[in-house]
Amino acid sequence: MNMKRIALGAVSLAAATSTYAQSSVTLYGVVDAFVQYADGADSETRVQSGGLNGSRFGVRGIEDVGGGIQALFTLEAGLNADDGTVAQGGVFWGRQAFVGLASPYGQITLGRQYSSVYHASNDFSAFINSAWGASTAVIGGFGGYEPVRGASTATGSSTGLGGPARVNNSIKYESPSFSGLKVGALLGLAENGASLKDNRTYDLYARYTSGPIDAIISYVDDQLDNPAAPSLLEAKTLTLGAAYNFGTFRVMGGYLRKERDDTADADGNAFWIGGDIRFDRHLLRAQYVNNSPDADDADTHVIGVGYQYDFSKRTAVYASITHFKNDRRPRWHSVVPTGMATPADSDITEFVAGIRHSF
């Protein structure tokens with residue numbers, strides 16, 4: 001009898017091991033904070049969150065369900081390491097929250113997801129699109145619509161859809177790789193009160209990655225029919241990004257064009273070019289960003305250099321110095337504090353020192 005029980009236990013253990021080997025769940029996160037000193041018409045020193053990477057806590061999983069199909073999910077919460085609050089406008093799973101299926105024919109996912117403008121502005125920037133250095137986060141803000149940094153309910157985006165960087169209530173398809181080329185489409189569906197059929201986000205993109213070459217083209221059409229305002233707001237964002245890796249040295253850059261169809265003249269162009277070079281655990285980066293609205297000559301020119309030292313794969317320290325030259329209109333890569341800039345003195349110089357740990 002004991003031998004039978006041992007045999008049955010061994011078979012059960014083998015079956016359980018086989019079942020669990022086909023699925024996995026990963027807990028991960030990033031804690032990133034930095035000291036920021038900014039000097040303009042006035043000066044300010046503060047602690048901020050998310051320099052190298054946005055601070056976050058996440059869970060992702062994948063399961064092989066047979067027939068070449070895998071089920072997958074991601075739940076990712078953004079946090080502000082400087083004060084412990086929830087990021088992304090207070091939405092708990094505000095960075096990502098989606099579930100889907102992947103097969104040899106591509107991947108389809110449902111939920112709150114990154115749009116292609118996020119990847120175009122983040123993956124091809126030496127300082128990503130975060131609030132430090134000469135980052136692409138300075139791009140936009142031409143008139144109440146921010147094409148790069150989407151919050152939970154960004155002004156000018158389709159109400160309830162989030163923002164063009166992260167889109168709520170979305171359906172996303174991405175093709176398999178065809179010799180390095182992937183194409184995709186995202187549709188954000190409105191679920192918010194009146195004029196539902198007119199509130200939506202379209203997103204089409206293509207990305208080519210092969211060897212040292214990485215390039216993307218992205219088009220996002222974000223439409224809001226606001227009953228409180230009779231005009232229909234439709235914001236169209238075209239973004240191009242490219243990078244070439246020479247080994248220890250990498251160059252990258254991009255271009256963004258935004259057109260907003262309403263009574264305000266809030267169109268504009270932006271471009272950036274940067275690079276980084278690695279020596280063992282040392283990484284140097286530099287970038288120039290230009291933000292140019294069509295309506296006036298209030299351009300912003302940003303140039304910055306940064307340094308990063310990797311203690312390990314998980315822990316790094318970093319620093320940067322950046323100058324924001326503002327023509328007539330004060331602009332930063334985050335909200336300009338009151339008194340930081342005046343019409344006569346709108347330039348800002350920034351110094352940053354921080355630490356990031358991932359797990």
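Coordinates for the structure precede this section.
## Examining the side chain of Ser 125
Relative to the helices and strands, Ser 125 is located in the loop between helix H2 (116-122) and strand E7 (166-174). At a separation of 3.2 Å, a polar atom in the side chain of Ser 125 contacts the main-chain carbonyl oxygen of Ile 128. Sequence-distant contacts of Ser 125, defined by excluding residues within four places in its chain, comprise Thr 136, Met 252, Trp 272 and Gln 287.

## As for a nonpolar patch on the surface
Nonpolar side chains collect at one region of the surface, where Val 65, Ile 69, Val 99, Leu 101, Ile 108, Leu 110, Ile 171, Tyr 173 and Leu 189 lie side by side and expose about 720 Å² of accessible area between them. Going through the elements one at a time, strand E5 (96-103), strand E6 (106-114) and E7 are the ones with two or more residues in the nonpolar patch. Mapped onto the elements, Val 65 comes out in strand E3 (residues 56-66).

## Examining the pattern of salt bridges
Under the defined criterion, the tally for this structure stands at 12 salt bridges. Across the pair Asp 214 and Arg 207 runs a salt bridge whose closest N-O atoms are separated by 2.8 Å. Among the salt bridges present, the one from Asp 276 reaches Arg 250, with a minimum N-O distance of 2.6 Å. Of this pair, Asp 276 sits in strand E13 (residues 268-279) while Arg 250 is found in strand E12 (residues 249-261), placing the two residues 26 residues apart along the sequence. According to the relative accessible area criterion, Asp 276 is buried, its value standing at 7%. Among the charged side chains, a salt-bridge network with shared partners connects Arg 56, Glu 76 and Arg 95.

## With respect to unusual backbone geometry
A positive phi angle, near 50 degrees, is found at Asn 169, a position not held by glycine. Assignment of secondary structure puts Asn 169 in strand E7. Unusually for a residue other than glycine, Arg 328 sits at a positive phi of about 80 degrees. Inspection of the secondary structure assignment puts Arg 328 in the loop between strand E16 (315-326) and strand E17 (348-358). Looking at Arg 328, the relative accessible area reads 57%, which means it is exposed.

## A few points about the side chain of Asp 221
Summarising the element assignment, Asp 221 is placed in strand E10 (residues 213-225). Apart from the residues lying within four places of it in its own chain, the contact partners of Asp 221 are Arg 200, Thr 201, Tyr 202, Glu 234, Ala 235 and Lys 236.

## Thoughts on the nonpolar core
In this structure, Trp 132 and Ile 139 are the most contacted members of the largest nonpolar core, which totals 28 residues. When contributions to this core are tallied by element, the ones reaching two or more residues are strand E1 (23-39), H2, E10, E12, E13, E16 and E17. No other element matches E16, which puts three residues into this core.

## A short note on the pairing of strand E14 (residues 282-293)
Sheet topology note: the E13/E14 ladder contains 12 bridges and is antiparallel. Paired with Asp 276 across the strands is Arg 285, a residue of E14. Looking at chain direction, E14 and strand E15 (residues 300-310) are connected through 10 bridges and run antiparallel. Paired with Leu 284 across the two strands is Tyr 307, which belongs to E15. Linking E14 to E15, which pair antiparallel, is a turn of six residues.

Calculation criteria
- Residues numbered from 1 in each chain as written.
- Predicted model: local features only at pLDDT ≥ 70, side-chain atom pairs only at ≥ 80, totals over all residues.
- Heavy atoms only, no water.
- Helix = DSSP H or I, 4+ residues; strand = E, 2+ residues; numbered from the N terminus.
- Polar contact = N/O pair within 3.5 Å; in protein donor to acceptor, adjacent residues only side chain to side chain.
- Contact = heavy atoms within 4.5 Å.
- Patch = residues over 30% accessible without salt bridge, like charges linked within 9 Å, V, L, I, M, F, W, Y side chains within 5 Å.
- Areas by Shrake-Rupley, 256 points an atom, 1.4 Å probe, with all protein chains shown as cover.
- Salt bridge = Lys/Arg side-chain N within 4 Å of Asp/Glu carboxyl O.
- Buried < 20%, exposed > 50% of the residue type's maximum accessible area, 1.4 Å probe, protein only.
- Core = buried A, V, L, I, M, F, W, Y, C linked by side-chain atoms within 4.5 Å.
- Pairing = 2+ DSSP bridges.

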